[in-house]
Amino acid sequence: MSTESNSQKNVPLLQVKNLHTSFYTDAGEVKAVNGISYNLDAGKVLGIVGESGSGKSVSAYSLMQILTDTGRVTEGEVLFKGENILKYNSKQMQSFRGSRISMIFQDPMTCLNPVFSVGSQLREAIRIHTDRNREETQARALEMLQLVGVNEPEKRLKQYPHELSGGMRQRVMIAMALACEPDILIADEPTTALDVTIQAQILELMQSLQKKLGMAIIMITHDLGVIADMCDEIIVMYAGKVCERGTADEIFYNPRHEYTKGLIRSIPRITEQHEKLVPIAGSPVDLLNLPKGCAFASRCDHAMKICLTQQPEEVQVNDSHIAACWNNVRQMMEEENRGGASK
Amino acid sequence: MSQEAKHLVDVRDLKEYFTVKSGMLNKLQLKAVDGVSFTIDRGETLGLVGESGCGKTTVGRTLLHLYKPTSGEVYFDGVQVTDKNIDSFRKDMQIVFQDPYSSLNPRMTVADIIGEPLDIHHLYKNKKERAERIAELLTLVGLNSEHANRYAHEFSGGQRQRIGIARALAVNPRFIVCDEPVSALDVSIQAQIINTFEELQQKLGIAYLFIAHDLLVVQHMSRRIAVMYLGRIVEIGPSADIISSPIHPYTESLISAIPMPDPEMARHKNRIILEGDVPSPLHMPKGCPFRTRCRYATKACEEARPELREVSPGRFVACHNR
């Protein structure tokens with residue numbers, strides 16, 4: 001269970017090492033992901049949080065190799081059970097997607113094909129990855145719809161996506177993604193397009209399916225509430241880099257990166273009613289011209305000289321927490337000095 | 001009468017029905033807003049929450065006569081707003097839209113966007129005064145006065161929303177309908193805009209109808225909250241009370257469904273999951289519209305539609321069982 005035993009017995013399910021992804025546009029190279037690394041163990045929920053343009057979705061698209069034509073992974077490795085999947089050719093990748101790692105997206109309407117019935121799309125997903133015969137495929141499709149809590153599943157199989165509500169479509173997407181029992185489900189803003197009460201339904205469903213099927217989930221979202229609700233471990237991203245990585249409690253109660261602190265301060269809370277919010281000043285960084293030092297420095301209240309000239313390294317705060325912030329380094333040095341002096 | 005009207009905005013039994021064609025000859029009535037009443041005081045913020053399709057945006061637009069109300073009355077500072085006199089109220093009542101991308105004309109410079117309401121209402125004597133007023137407005141919403149000659153596409157989402165706010169402020173309104181003004185923005189930018197709204201209210205004493213689906217944002221902004229479901233207000237009252245002790249079953253589940261940005265709270269939260277989806281407003285259930293998803297629904301809910309009744313001072317709930 002612990003990370004120790006995991007590293008001894010076997011490698012983590014997924015290891016992302018120093019991943020870089022760029023888009024080559026007319027305006028120049030857009031560095032969307034700039035060296036992110038993380039591990040994901042089987043059956044865990046990892047949250048990736050960040051604002052638009054932080055590279056959280058692109059990092060997932062890079063794993064799945066579904067980048068647009070202009071995008072390319074320029075550096076790094078993605079090891080699934082120890083095997084580098086970035087080396088796979090398109091055919092290998094095709095059979096890998098959906099069966100080992102599946103993905104669901106923000107807008108189920110654009111992901112489901114409007115001219116095929118729900119049933120035929122579900123059956124297609126099952127047929128491609130398994131060798132079930134017709135009846136077994138049909139039975140599996142029905143079983144999946146029941147699993148994700150779609151009412152009247154027989155009827156739904158014959159219906160088309162436009163006949164379903166937003167929440168129902170997202171359930172169908174989840175059914176399709178899980179039909180071949182993947183080890184990892186990547187959920188890219190799965191509830192952003194949904195209403196609060198429907199969002200609660202889908203989050204509840206994902207949690208119960210995760211317990212039942214034991215898959216790992218990578219949850220990509222901008223919503224700190226969804227992250228706090230769902231995730232064991234959290235990665236905070238800014239300008240294509242990992243600012244901070246740690247358990248949910250560490251990130252929310254002991255944030256060490258100035259950006260994470262700013263994010264947490266800028267959400268309205270029920271307990272702090274009528275207290276003024278503390279927004280992060282300025283606007284997001286331009287990915288075409290990334291600064292030499294820390295990308296967040298220009299918006300940071302506590303930026304020091306070093307922040308402008310040198311990129312912060314990822315530093316281990318404790319066993320379950322990593323942060324890449326010069327202020328954190330300073331804080332840790334101060335704590336150490338104080339500890340040393342008191343001794 | 002207009003001198004000492006009790007409330008700045010007084011909406012009484014506002015209805016907005018749209019006719020929807022279904023098939024060749026069939027026409028259906030969509031009751032987007034079905035009898036909504038509320039008041040807003042000077043310098044106050046009333047939050048209006050609900051899920052998509054509940055009619056909250058339509059309330060805001062009908063209130064401003066952007067849609068012609070099917071029935072009902074709107075009083076502004078004691079004077080009834082009608083189709084005939086609405087033009088004279090445009091200066092007092094403004095709106096900020098959700099999408100800062102589609103609500104600004106891409107062919108106009110920022111100066112022209114903000115200057116347009118000034119032109120229409122003849123609010124300046126000469127060009128110099130116009131330019132000064134535009135610069136003043138830009139500074140007021142936290143933009144740089146040098147931005148005036150640029151086009152909207154040169155700005156980020158948050159900055160565009162500031163331009164939209166400056167446009168609304170140009171005519172010195174006393175009331176602004178804010179229709180999901182921060183939903184399209186990132187968290188850090190959202191907080192900037194929320195603070196801008198609050199500062200402007202303190203400085204200029206503007207009243208807001210703050211429409212949003214994000215309850216955390218609404219409770220932060222508003223003194224009172226109205227909760228809408230399928231074209232009606234199901235609960236209205238002081239925001240602290242509504243959040244801490246919701247009475248209507250819909251409000252209760254809405255509040256329990258907010259994902260709390262706090263792992264400790266998330267672990268101990270008792271989420272009330274509503275079954276199913278919102279019914280189509282074209283085929284509204286008989287009786288209480290919420291009964292199809294309500295865990296407390298009884299026979300009485302099928303028969304009659306509950307009306308709003310006062311349960312404590314200033315707190316109204318429309319439910320048979322509470």
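On a predicted model such as this, the values are computed, not experimentally measured, just so you know.

Caption draft 1: Expanded view of the overall build of chain B. Helix and strand content of chain B: 11 helices and 12 strands. Computed over its C-alpha atoms, the radius of gyration of chain B comes to 21 Å, within 12% of the 20 Å expected for a compact globule of 322 residues. Based on the C-alpha atoms only, the size of chain B along its principal axes is roughly 70 × 50 × 50 Å. Counting over 322 residues, chain B shows a buried share of 55%. Put simply, 64% of the contacts in chain B that link residues at least 6 apart link residues at least 24 apart.

Caption draft 2: A look at the overall build of chain A. If you tally the helices and strands in chain A, you get 14 helices and 12 strands. At 21 Å, chain A has a C-alpha radius of gyration in line with the 20 Å of a compact globule built from 343 residues. In chain A, buried positions account for 52% of the 343 residues. For chain A, contacts bridging at least 24 residues in sequence account for 65% of all contacts bridging at least 6. Counting only carbon and sulfur atoms, one obtains 49% of the accessible surface of chain A, whose full area is about 16,000 Å². Charged side chains in chain A number 36 positive and 42 negative. The centres of these two groups are separated by 2 Å.

Caption draft 3: Main features of the interface of chain A and chain B. Contacts between chain A and chain B engage 43 residues on the former and 42 residues on the latter. Considering only the side of chain A, the residues that lose the most area to chain B are A:Thr197, A:Pro268 and A:Ile270, jointly responsible for 17% of the buried surface there. Remark: the boundary between chain A and chain B carries four salt bridges. In this structure, A:Asp249 and B:Arg267 form a salt bridge, with 3.1 Å as the shortest nitrogen-oxygen distance. Where chain A meets chain B, there are 19 residue pairs in polar contact (both at pLDDT 80 or more). Those elements that place two or more of their residues in the side of chain A that touches chain B are α9 (196-213), α10 (224-230) and α11 (248-253) of chain A. By residue number, the principal contributor to the side of chain A that touches chain B is α9(A), which donates nine residues.

Caption draft 4: Expanded view of the packing of helix α5 (residues 118-129) of chain A against helix α8 (residues 166-178) of chain A. Residue and element names in this part refer to chain A. Two numbers describe how α5 lies on α8: the axes approach to 8 Å, and their chain directions differ by 25 degrees. The orientation of α5 relative to α8 falls into the category roughly parallel. With respect to the hand of their crossing, α5 and α8 are arranged in right-handed fashion. Along the contact surface, α5 presents Val118, Gln121, Leu122 and Ala125, while α8 presents Val172, Ala175 and Met176. In the contact of α5 with α8, the residues fall into six nonpolar, one polar and no charged.

Caption draft 5: Quick peek at the packing of α8(A) against α9(A). Residue and element names in this part refer to chain A. Where α8 meets α9, the axes come as close as 10 Å, and the angle between the chain directions of the two elements is 20 degrees. By the criterion of interaxial angle, the relationship of α8 to α9 is roughly parallel. Crossing angle aside, the handedness with which α8 passes α9 is right-handed. Side by side, α8 and α9 meet where Gly167, Gln170, Arg171, Ile174 and Leu178 of the first sit next to Ile198, Gln201, Ile202, Leu205, Met206, Leu209 and Leu213 of the second. Of the residues assigned to the contact of α8 with α9, the class counts are eight nonpolar, three polar and one charged.

Caption draft 6: Geometry of the packing of aromatic side chains. For the structure shown, the criterion picks out 13 aromatic pairs over all chains. When the ring of A:Phe80 is compared with that of A:Phe96, the centres are 5.1 Å apart and the planes differ by 85 degrees; the resulting orientation is edge-to-face. Placement of A:Phe80 in strand β4 (residues 71-80) and of A:Phe96 in helix α3 (residues 90-96) is noted, with a sequence separation of 16 residues between them. Grouping residues by exposure puts A:Phe80 and A:Phe96 together as buried. Pairing B:Tyr229 with B:Phe290 gives two aromatic rings, centres 5.1 Å apart and planes at 85 degrees, and the pair type is edge-to-face. In this pair, B:Tyr229 sits in strand β9 (residues 224-229) while B:Phe290 sits in the loop between α10 (263-267) and α11 (299-303), placing the two residues 61 residues apart along the sequence. Taken individually, B:Tyr229 and B:Phe290 each receive the classification buried, so the pair is uniform in this respect.

Caption draft 7: Main features of the environment of A:Ala175. Residues and elements named next belong to chain A. Relative to the assigned elements, alanine 175 resides in helix α8. For alanine 175, a relative accessible area of 0% translates into the label buried. Note: C-alpha distance between alanine 175 and glutamine 201 (26 residues apart in sequence) is 15 Å. Setting aside anything within four residues of it in sequence, one finds alanine 175 in contact with Leu122, Met144, Leu145 and Val148.

Caption draft 8: The sheet that holds strand β7 (residues 175-179) of chain B, seen in detail. Residue and element names in this part refer to chain B. The eight strands lie next to each other as β6-β7-β8-β3-β9-β10-β12-β11, forming an open sheet whose pairing is mixed. Of all strands in the sheet, those with a lone pairing partner are β6 (93-96) and β11 (309-312), marking the two edges. Neighbouring strand axes in the sheet, compared pairwise and without regard to direction, differ in orientation by 25 degrees on average.

Caption draft 9: Region of the structure containing the nonpolar core. Counting residues in hydrophobic clusters, the biggest one holds 99 residues, and the most contacted among them are A:Leu14, A:Tyr38, A:Ile184, A:Ile186, A:Met206 and A:Ile218. Counting residues per element, this core draws most heavily on α8(A), at eight residues. Setting aside residues up to four positions removed in sequence, A:Ile186 forms contacts with A:Ala60, A:Leu63, A:Met64, A:Ile101, A:Ser102, A:Met103, A:Ile104, A:Ile218 and A:Ile220. Among the nonpolar cores identified, the runner-up in size contains 64 residues, and A:Ala200, B:Ile163, B:Leu169 and B:Ala191 belong to it.

Caption draft 10: Geometry of the sheet that holds strand β1 (residues 14-25) of chain A. Residues and elements named next belong to chain A. Pairing is antiparallel across the open sheet formed by four strands, whose spatial order is β2-β1-β4-β5. Edge strands, defined here as strands with exactly one partner in the open sheet, are β2 (28-40) and β5 (83-84). Sheet topology note: the β4/β5 ladder contains two bridges and is antiparallel. Across the sheet, residue phenylalanine 80 finds its bridge partner in β5, namely glutamate 83. Set on the sheet, helix α2 (residues 56-64) makes contact with β1, β2 and β4; between it and β1 the angle comes to about 105 degrees.

Caption draft 11: Spatial organisation of the confidence of the model for chain A. Of the residues in chain A, 95% have a pLDDT of 70 or more, and the chain-wide mean is 90. Long-range and interchain partners of residues 1-8 of chain A, a stretch whose pLDDT sits below 50, account for three contacts in this model, where long-range means more than four residues apart.

Caption draft 12: Geometry of α5(A). Residues and elements named next belong to chain A. Between its terminal C-alpha atoms α5 stretches 18 Å, which fits the 16 Å expected from 12 residues at 1.5 Å a residue. Within the span of α5, buried status applies to Val118, Gly119, Gln121, Leu122, Ala125 and Ile126. Structurally, α5 contributes buried residues whose contacts are with α6 (134-147), α7 (153-158) and α8.

Caption draft 13: Up close: the confidence of the model for chain B. All names here are of chain B. Within chain B, residue pLDDT values average 91, and 99% of them lie at 70 or more. Looking over chain B, one finds the lowest element-wise mean pLDDT in α10, namely 88, and the highest in strand β8 (residues 207-211), namely 97. ipTM for the predicted complex: 0.85, alongside a pTM of 0.88.

Thresholds, definitions, all that
- Residues numbered from 1 in each chain as written.
- Chains lettered and ligands numbered in written order.
- Predicted model: local features only at pLDDT ≥ 70, side-chain atom pairs only at ≥ 80, totals over all residues.
- Heavy atoms only, no water.
- Helix = DSSP H or I, 4+ residues; strand = E, 2+ residues; numbered from the N terminus.
- Rg over C-alpha atoms; globule rule 2.2 N^0.38 Å.
- Buried < 20%, exposed > 50% of the residue type's maximum accessible area, 1.4 Å probe, protein only.
- Contact = heavy atoms within 4.5 Å.
- Areas by Shrake-Rupley, 256 points an atom, 1.4 Å probe, with all protein chains shown as cover.
- Lys, Arg positive; Asp, Glu negative; His and termini not counted.
- Charge placed at Lys NZ, Arg CZ, Asp CG, Glu CD.
- Buried area = accessible area lost by both parts, 1.4 Å probe.
- Salt bridge = Lys/Arg side-chain N within 4 Å of Asp/Glu carboxyl O.
- Polar contact = N/O pair within 3.5 Å; in protein donor to acceptor, adjacent residues only side chain to side chain.
- Axes fitted to C-alpha atoms, helices over the stretch in contact; angles between N-to-C directions.
- Parallel < 35°, antiparallel > 145°, perpendicular 65-115°, else oblique.
- Left-handed = near helix turned anticlockwise from the far one by under 90°.
- Nonpolar A, V, L, I, M, F, W, Y, C, P; charged D, E, K, R; others polar.
- Phe/Tyr/Trp six-rings, centres within 6.5 Å; stacked < 30°, edge-to-face > 60°.
- Pairing = 2+ DSSP bridges.
- Core = buried A, V, L, I, M, F, W, Y, C linked by side-chain atoms within 4.5 Å.
- pLDDT = per-residue confidence, 0-100.
- Expected span 1.5 Å × (residues − 1).

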